[in-house]
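Read off the chains here:
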Amino acid sequence: MKREVSKPGGGTLKSPEAPRAEMRKFGAAMSAMIEAMAKSWRNQVFKELNKSTVEKFEDAQTGNFAAVYLKLAERARRKLVKRFDDKRLEELAANFTGPVNERNRKEFYARAEKSIGISRQELEASEGLTSQINAYKLETAQWIKKLRDDTLEEWTSNTLRDMAEGFGLEDILAQFDGMEEKRKGHAQMVARTQIATFNSLTSKARARNLGITEAVWITSSDERVRKSHAARAGRKFNLAKGLYSATDGKTLLPGTDYNCRCDYEMIIPDFEGD
């Protein structure tokens, strides 16, 4: 249930910060998933090739060994998709987004209570954003599914390319180790961003539900702030649209870009008008 709020003279309401601990935990969980997938891939694909005493994938034999590899890879892919099925990944997403949402809700309405004088309990009771928050949770689950599927596709296609170029099995395994580490790093980075994005979007939903439509971009004000985000610092923007900057050519909401630590202060409407 939407509730319009205002305050004599207006004012601001700072968005709750993304929980760093949950960001780290989610990143670790995604890295662990990649590691578990890689272990299974080695056992179900590369060890099976070893059993066939495959030492090189070259010359006329390439096609034959490639066919064997693709058959093993497809079997391993099916098993891993079954092991990390959509339902399991949706539950995993909920295990992290649920606590982040609860933290955001409590902090958002505690700050709102101080800013506009309406009790936190009353604001929480009249929220009515379950469907929208659930959609944001499912968005996180979709990202995990994409991480799973893209990882399996990368392992299949990149290893097949190495085989076509005549690499030996030892080199192929070394290349796979590198792919695993790179994929784990990518998973951790994007997982942290995903939690920050979820937190930012839930803040935006709660603000708009209270009739708050504008905010001011805030950076961390240190040397790590990227130029395109520093260019947005202190600028007012519409919560429904985000803030555009010619520096990077993007329209963004604070906290939704990769590794973004920016935040925003929401502008409470002035019921007395100008």
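What you see is a predicted model, and the numbers here were worked out from it, not measured in a lab.

J.: For this particular structure, what's the right way to read the sheet that holds strand β6 (residues 263-268)?
T.: Backbone hydrogen bonds hold the strands of a sheet together, and the pairing may be parallel or antiparallel. Read from one edge of the open sheet, 4 strands run β1-β6-β2-β3, paired in antiparallel fashion. Of all strands in the sheet, those with a lone pairing partner are β1 (11-14) and β3 (236-238), marking the two edges. Direction aside, neighbouring strands of the sheet carry axes that sit 40 degrees apart on average. Inspection of the sheet shows strand β2 (residues 214-218) paired to β3 by 3 bridges, in the antiparallel sense. By the bridge assignment for β3, Glu214 is matched with Asn238. Where helix α3 (residues 86-116) meets the sheet, its contacts fall on β1 and β6, and the angle it forms with β1 comes to roughly 165 degrees.

J.: Explain unusual backbone geometry to me, please; I cannot follow it from the model alone.
T.: Glycine aside, negative phi is the norm for most residues, and most peptide bonds take the trans geometry. In this model, Ser221 sits at a positive phi of 55 degrees, which is unusual for a non-glycine residue. With respect to the secondary-structure elements, Ser221 resides in the loop between β2 and α7 (227-230). Notably, Asn259 is not glycine yet its phi reads approximately 55 degrees, a positive angle. Mapping Asn259 onto the fold places it in the loop between β5 (250-252) and β6.

J.: When you look at the nonpolar core in this model, what are you seeing that I'm missing?
T.: In globular proteins that are soluble, nonpolar side chains generally tend to be buried together. Membership of the largest hydrophobic core comes to 69 residues, with the highest contact counts inside it found for Trp41, Phe46, Trp155, Leu239 and Met266. When contributions to this core are tallied by element, the ones reaching two or more residues are α1 (20-51), α2 (62-83), α3, α5 (130-164), α6 (169-209), β2 and β6. Counting residues per element, this core draws most heavily on α6, which supplies 13 residues. Leave out the neighbours within four places in its chain, and Trp155 touches Ile34, Met37, Ala38, Trp41, Tyr69, Phe176, Met179 and Glu180.

J.: Is there a simple way to explain the packing of α3 against α5 in this structure?
T.: The angle between the axes and the distance between the axes are what describe a pair of packed helices. The contact between α3 and α5 brings their axes to 8 Å, and the two run at 130 degrees. Between α3 and α5, the crossing angle belongs to the class labelled oblique. For the crossing formed where α3 meets α5, the hand is right-handed. Taken together, the residues of α5 that come into contact with α3 (itself represented by Asp86, Leu89, Glu90, Leu92, Ala93, Thr97, Gly98 and Asn101) are Ile133, Lys137, Leu138, Thr140, Ala141, Ile144, Lys145 and Arg148. Partitioned by chemical class, the residues of the contact of α3 with α5 number 7 nonpolar, 4 polar and 5 charged.

J.: Would you mind showing me how to read the packing of aromatic side chains here?
T.: The description of an aromatic ring pair rests on the distance of the ring centres and on the angle between the ring planes. What the rule picks out here adds up to 8 aromatic pairs. Geometrically, the ring pair formed by Phe108 and Tyr109 is edge-to-face, given 5.3 Å between the ring centres and 85 degrees between the ring planes. A single burial state applies to Phe108 and to Tyr109, both of which are buried. By way of ring pairs, the aromatic residues Trp41, Phe46, Trp155 and Phe176 are connected into one cluster. Positioned over the ring face of Trp217 is Arg232, at 5.3 Å from the centre of the ring.

J.: Please explain the pattern of salt bridges as it appears in this structure.
T.: Pairing is possible between side chains that carry opposite charge, provided their charged atoms lie close to one another. For the structure shown, the criterion picks out 25 salt bridges. Note that Lys14 is salt-bridged to Glu17, the shortest N-O span being 3.2 Å. Its relative accessible area of 29% is what places Lys14 among the partly exposed residues. Judged by its relative accessible area of 32%, Glu17 falls in the partly exposed class. Arg226 is the partner of Asp257 in a salt bridge, and the nearest nitrogen-oxygen pair spans 3.3 Å. Of this pair, Asp257 sits in the loop between β5 and β6 while Arg226 is found in the loop between β2 and α7, placing the two residues 31 residues apart along the sequence. Looking at Asp257, the relative accessible area reads 9%, which means it is buried. Residues joined by salt bridges that share partners form a network here, namely Lys14, Glu17, Arg103, Glu107, Arg111 and Asp263.

What counts, and at which threshold
Residues numbered from 1 in each chain as written. Predicted model: local features only at pLDDT ≥ 70, side-chain atom pairs only at ≥ 80, totals over all residues. Heavy atoms only, no water. Pairing = 2+ DSSP bridges. Helix = DSSP H or I, 4+ residues; strand = E, 2+ residues; numbered from the N terminus. Axes fitted to C-alpha atoms, helices over the stretch in contact; angles between N-to-C directions. Contact = heavy atoms within 4.5 Å. Core = buried A, V, L, I, M, F, W, Y, C linked by side-chain atoms within 4.5 Å. Buried < 20%, exposed > 50% of the residue type's maximum accessible area, 1.4 Å probe, protein only. Parallel < 35°, antiparallel > 145°, perpendicular 65-115°, else oblique. Left-handed = near helix turned anticlockwise from the far one by under 90°. Nonpolar A, V, L, I, M, F, W, Y, C, P; charged D, E, K, R; others polar. Phe/Tyr/Trp six-rings, centres within 6.5 Å; stacked < 30°, edge-to-face > 60°. Lys NZ or Arg CZ within 6 Å of the ring centre and 35° of its normal. Salt bridge = Lys/Arg side-chain N within 4 Å of Asp/Glu carboxyl O.

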